[in-house]
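# Architecture and fold: a report
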Amino acid sequence: MTCSEIMTSNPVTVRDTQPVAAATALLRDNHFRSVPVVDEAGKMVGQFGIQALLALILPKAVVADDH
């Protein structure tokens, strides 16, 4: 089996120019943990997810790694 056999061909994405609130709503409404971020040409430029969101909204002490 290959990755192409099980991948999502047309994933839901967000544009790199969309507000964080719109990307957050997309995560929430679709129960996603992350979503690809694409530029105006549709090229993937990154990933936006729960971890990035938590880092923005929680105090540093809460998300600090104690390892």
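Here the structure is a predicted model, which is why all the values come from computation and not from measurement.

### Quick look at the pairing of strand E3 (residues 44-49)
Both strand E2 (residues 34-38) and E3 contribute to a ladder of 5 bridges, which runs antiparallel. In the sheet register, Val-38 faces E3, and the bridge partner there is Met-44. The turn linking E2 back onto E3 is made up of 5 residues, and Gly-42 within it adopts a positive phi angle of 85°.

### Overview of the environment of Asp-39
In this structure, Asp-39 sits in the loop between E2 and E3. With relative accessibility at 19%, the residue Asp-39 sits in the buried group. Considered as a pair, Asp-39 and Asp-16 are 23 residues apart in the sequence and their alpha carbons are 5.5 Å apart. Leave out the neighbours within four places in its chain, and Asp-39 touches Arg-15, Asp-16 and Val-45. Engagement of the side chain of Asp-39 in a polar contact is seen with the backbone nitrogen of Lys-43, the distance being 2.9 Å.

### What to know about the pattern of salt bridges
Tallied over the full model, the rule gives 1 salt bridge. Its salt-bridge partner being Asp-29, residue Arg-28 comes within 3.0 Å of it at the nearest N-O pair.

### A closer look at helix H2 (residues 20-30)
Every buried residue of H2 is accounted for by Ala-23, Leu-26 and Leu-27. All buried residues of H2 fall inside an arc of 95° around its axis, so they share one side. For H2, the exposed residues lying more than 90 degrees away from the buried face are Ala-21 and Arg-28. Taken together, the buried residues of H2 touch strand E1 (14-15), E2, E3 and helix H3 (50-57). His-31 sits one or two residues past H2 and shows a positive phi near 55°.

Rules used throughout
Residues numbered from 1 in each chain as written. Predicted model: local features only at pLDDT ≥ 70, side-chain atom pairs only at ≥ 80, totals over all residues. Heavy atoms only, no water. Pairing = 2+ DSSP bridges. Helix = DSSP H or I, 4+ residues; strand = E, 2+ residues; numbered from the N terminus. Buried < 20%, exposed > 50% of the residue type's maximum accessible area, 1.4 Å probe, protein only. Contact = heavy atoms within 4.5 Å. Polar contact = N/O pair within 3.5 Å; in protein donor to acceptor, adjacent residues only side chain to side chain. Salt bridge = Lys/Arg side-chain N within 4 Å of Asp/Glu carboxyl O. Arc of directions from axis to C-beta.

From the geometry alone we can't say anything about function, so treat these as descriptive.
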